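Letter by letter, the chains look like this.
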Amino acid sequence: MSHILKLENVRAYYVIKNRSSAKEVKAVDNVSLTIDESEIVGIVGESGCGKSTLTNVILMNIKPPLRFISGKVILWKDGEPIELNKLSRDSLKKEIWGREISIVPQFAMNALVPTYKVKRIITDIYKSHYETSSDEEHIINMATKRFNDLGLPEKVLNMYPFELSGGMKQRVIIAIATLMNPKLLVADEPTSALDVITQKMVLKTLLDIYHKGFIKSIIFVSHDIASVRQIATRLVVMYAGKIVEDGPVEEIIRNPMHPYTKYLIRSVLTPERTTKRGEIVTVPGFPPDLSNPPSGCRFHPRCNYKLSKCVSDEPPMLRVNDKHFVACWLYS
Ligand code: SF4
């Protein structure tokens, strides 16, 4: 399978300065990840674990106070690897964003200009981000065709965002983000704050775009494993700025290896019968302060299985099988 994107030992920190001191929040810390063509990868973890920062790193959308510290972000374009971390923001905007990788950012639906009709929003975004010289008729024709392909009503193009439901706004945003047929779509919490039925419609739109070949792969970021399970084939679990488990989604849900993943699955999946028996489980303690993360395994202050070396030594990513990896000393 061909690679689309590879992160190699990436570190990206928030550098927060005040008058007398500065601190670094290690939001993405030594993360390596490869995304292949045809994959739908779900990235899960608690709020503040670095998921959203990772989406910005994938696009190399690095703005202060976020700083790219080290590592490589490699994208394959026409079969050739390109180090995105070496490109200027201008080149990223002209050559990569929208054409090769696109993002549906968190809370994107709240950012639609309320006084512009959807067709004006689409033409403005298209002209400013992609083809400045395109005429409006061409853009509207493209958008109309894409709306038809995705089962979105054409009349939406002539409506204002405030006339649309949350789910319709999110589907419109997904259609806009993928108008240029990028290889990779990064969707950051696209279903949060939506009711269950609307969530399913948004997931269906993502899958339609994928199955119709408009995009090759999806990174679906969510705190909700139940949503991820409906769309993803692979699950990546993040904790405190690091990847702690990576593997096929059903295999991890049936057989989670990392103690944090075990807690996460038992606390966020719809637990059905166990709920009735009053056995909802939550992760004990609180996520660590990433400006001063715990030594060794970052999960050790919350882990019931910790060994003495967990406090001092960081666990490497260990191979469970060809597709399943876990960073935990229990399996060394
Ligand atoms: Fe727990 Fe140690 Fe595994 Fe970390 S490495 S999850 S502390 S057992």
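Look up: the structure comes first, before these words.
Not measured: the values here are computed from a predicted model.

S.K.: How do you make sense of the sheet that holds strand 2 (residues 22-36) when you look at a structure like this?
M.R.: Sheets are built from strands that pair by backbone hydrogen bonding, the pairs being arranged parallel or antiparallel. The antiparallel open sheet is built from 4 strands, whose spatial order is 2-1-4-5. The sheet terminates laterally at strand 2 and strand 5 (80-83), the two strands that pair on one side only. Pairwise comparison of adjacent strand axes, ignoring direction, gives a mean angle of 10° for this sheet. Pairing between strand 4 (residues 66-77) and strand 5: 4 bridges, direction antiparallel. Bridge pairing in strand 5 links Ile74 to Glu83. Helix-sheet contacts for helix 1 (residues 51-59) involve strand 1 (3-17), strand 2 and strand 4, and the interaxial angle to strand 1 is about 120°.

S.K.: Whenever I open this one, the packing of aromatic side chains confuses me. Can you help?
M.R.: Two descriptors summarise a pair of aromatic rings, namely the distance from one centre to the other and the angle between the planes of the rings. Within the structure shown, the criterion is met by 5 aromatic pairs. Relative to Phe162, the ring of Tyr160 has its centre 5.6 Å away and its plane inclined at 10°; by these criteria the two rings are stacked. Accessibility expressed as a relative area gives 29% for Tyr160, which makes it partly exposed. An aromatic cluster of three or more residues is present, and its members are Tyr239, Tyr260, Tyr263 and Phe299. Against the face of Phe214 rests Arg146, its NZ or CZ located 3.7 Å from the ring centre. Note that Lys309 overlies the ring of Trp329, its terminal NZ or CZ placed 3.8 Å from the centroid.

S.K.: Help me out: how do you make sense of the environment of His300 in this one?
M.R.: Its place among the elements puts His300 in the loop between helix 10 (273-276) and helix 11 (308-312). C-alpha separation for the pair His300 and Thr115, spaced 185 residues apart in sequence, amounts to 50 Å. Among residues more than four places away in sequence, those in contact with His300 are Pro294, Ser295, Lys306, Cys310 and Val311. Here the side chain of His300 touches Ser295 through a polar contact of 3.1 Å, landing on its backbone oxygen. For His300, the side chain forms a polar contact with the main-chain oxygen of Cys297, separated by 2.9 Å.

Here is what the cut-offs are and how they apply
Residues numbered from 1 in each chain as written. Predicted model: local features only at pLDDT ≥ 70, side-chain atom pairs only at ≥ 80, totals over all residues. Heavy atoms only, no water. Pairing = 2+ DSSP bridges. Helix = DSSP H or I, 4+ residues; strand = E, 2+ residues; numbered from the N terminus. Axes fitted to C-alpha atoms, helices over the stretch in contact; angles between N-to-C directions. Contact = heavy atoms within 4.5 Å. Phe/Tyr/Trp six-rings, centres within 6.5 Å; stacked < 30°, edge-to-face > 60°. Buried < 20%, exposed > 50% of the residue type's maximum accessible area, 1.4 Å probe, protein only. Lys NZ or Arg CZ within 6 Å of the ring centre and 35° of its normal. Polar contact = N/O pair within 3.5 Å; in protein donor to acceptor, adjacent residues only side chain to side chain.

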